[in-house]
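# Coordinate analysis (summary)
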Amino acid sequence: MGKGKLAKFAEMKEMSNVFEYPFSVVDNVPFTMKGHWRDEYFHNDNPIVLELGCGKGEYTVGLARLYPDVNFIGVDIKGARMWTGAKLAQEQQLPNVAFLRTSIEIIDRFFDRDEVQEIWLTFSDPQMKNVHKRLTSTFFMERYRRFLVDGGLIHLKTDSNFLFTYTRLMVERNGLPTDVCTDDLYHATPEGLMGSPLLTIQTYYESMWIERGLNIRYLRFHLPQADTLAEPDVEIPLDEYRSYHRTKRSSKTTAR
Ligand SMILES: C[S@@+](CC[C@H](N)C(=O)[O-])C[C@H]1O[C@@H](n2cnc3c(N)ncnc32)[C@H](O)[C@@H]1O
């Protein structure tokens with residue numbers, strides 16, 4: 001039988017690779033490792049890569065195994081999911097992994113200017129109704145700029161046509177340099193990604209969507225520090241399959 005949530009929460013409190021700072025905590029206890037992840041936790045000068053909304057942390061752990069000279073931090077608010085990745089990293093003795101349990105809305109309280117080189121967004125909720133909650137919106141891009149190096153990389157891997165299209169339009173509107181943009185990663189793999197180890201990692205949500213026959217989309221772009229960012233002003237068709245089991249509250253079929 002699987003371990004219960006309470007047992008996982010208790011175990012996480014003792015894990016040296018887990019930092020738990022939800023709003024209520026960080027408001028009272030300042031996070032002193034901001035700007036010091038390398039010297040105080042990783043004890044090296046290697047680049048830092050974040051996986052935001054990491055769930056069970058498949059990318060955090062998988063990439064850490066592939067790239068031992070890079071430091072990876074998985075961020076999510078849900079502790080029980082994160083436990084899986086933290087436990088695996090512990091069992092596999094991966095010194096280049098940490099997990100941070102907090103809200104991505106306050107992520108800039110944990111990282112200082114230029115402290116992070118790359119961000120992975122893996123199967124993020126598309127937040128079709130609220131652009132302010134969408135992790136690829138310009139609101140979040142401005143937040144990421146507070147700690148991402150100039151021109152730092154952002155990877156988006158998603159099943160959602162809505163999130164993919166929105167992000168592509170946001171990137172185009174702001175002229176952000178793009179390395180890869182494909183709406184069918186596994187059936188029309190871009191040449192530069194053929195045989196790439198990046199394709200060997202699949203997350204929990206990813207396998208669910210693949211089982212349902214959905215395409216996986218991947219966009220990789222750079223976020224320069226210059227220029228004010230503008231939101232795209234285009235109506236995008238909603239992902240219908242996401243409302244399968246929900247009562248339909250709105251008749252809208254598109255959103256911005
Ligand atoms: C659809 S799941 C994807 C999980 C994982 N990346 C995967 O592919 O299996 C989205 C995850 O993002 C987390 N999340 C969404 N919004 C968040 C926020 N604002 N702050 C922290 N975590 C968030 C959720 O808790 C959830 O674990």
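Residues numbered from 1 in each chain as written. Predicted model: local features only at pLDDT ≥ 70, side-chain atom pairs only at ≥ 80, totals over all residues.

You'll find the protein chain entered in an unreviewed UniProt entry as tRNA (guanine-N(7)-)-methyltransferase, with Prevotella dentalis given as the organism. According to its UniProt record, the protein chain has this under Catalytic activity (unreviewed entry): "guanosine(46) in tRNA + S-adenosyl-L-methionine = N(7)-methylguanosine(46) in tRNA + S-adenosyl-L-homocysteine". Word for word, the UniProt comment on the protein chain under Pathway (unreviewed entry) is "tRNA modification; N(7)-methylguanine-tRNA biosynthesis." (UniProt positions renumbered as here; feature names shortened; annotations may be inferred.)

Attention shifts here to the site of the ligand. Around the ligand, the surrounding shell holds 18 residues, and the nearest of these are G53, G55, F123, T203 and Y205. Residue contributions to the shell around the ligand peak at three residues, all from helix α8 (residues 204–211). Grouping the amino acids of the shell around the ligand by side-chain chemistry returns six nonpolar, six polar and six charged. (Near = placed C-beta within 6 Å. Helix = DSSP H or I, 4+ residues; strand = E, 2+ residues; numbered from the N terminus. Nonpolar A, V, L, I, M, F, W, Y, C, P; charged D, E, K, R; others polar.)

Right, let's get into the UniProt feature "binding site: S-adenosyl-L-methionine" (unreviewed entry) in the protein chain. With numbering aligned to this structure, UniProt lists the feature "binding site: S-adenosyl-L-methionine" (unreviewed entry) at E51, D76 and D125. A maximum C-alpha distance of 13.8 Å is found for the annotated residues, which run over 75 residues; spatially they form one tight group. Note on placement: E51 falls in strand β2 (residues 48–52). Looking at E51, the number of C-beta atoms within 10 Å reads 27, which means it is buried. Taking the number of C-beta atoms within 10 Å as the measure of exposure, D125 has 14 and is therefore partly exposed. (Buried ≥ 20, exposed ≤ 12 C-beta atoms within 10 Å, placed from the backbone.)

This brings us to the pairing of strand β3 (residues 71–76). Counting buried positions along β3 gives six out of six residues, so the element sits mostly inside the fold. Here β3 shows no split at all, with N71, I73 and V75 on one side and F72, G74 and D76 on the other all buried. Where β2 and β3 come together, five bridges link them in parallel fashion. By the bridge assignment, V49 is partnered in β3 with F72. In this fold, β2 hands off to helix α4 (residues 58–66), which returns the chain to β3; that crossover is right-handed. Across five bridges, β3 lies against strand β4 (residues 97–101) in parallel orientation. (Pairing = 2+ DSSP bridges. Right-handed = clockwise from strand over helix to strand, strands pointing away.)

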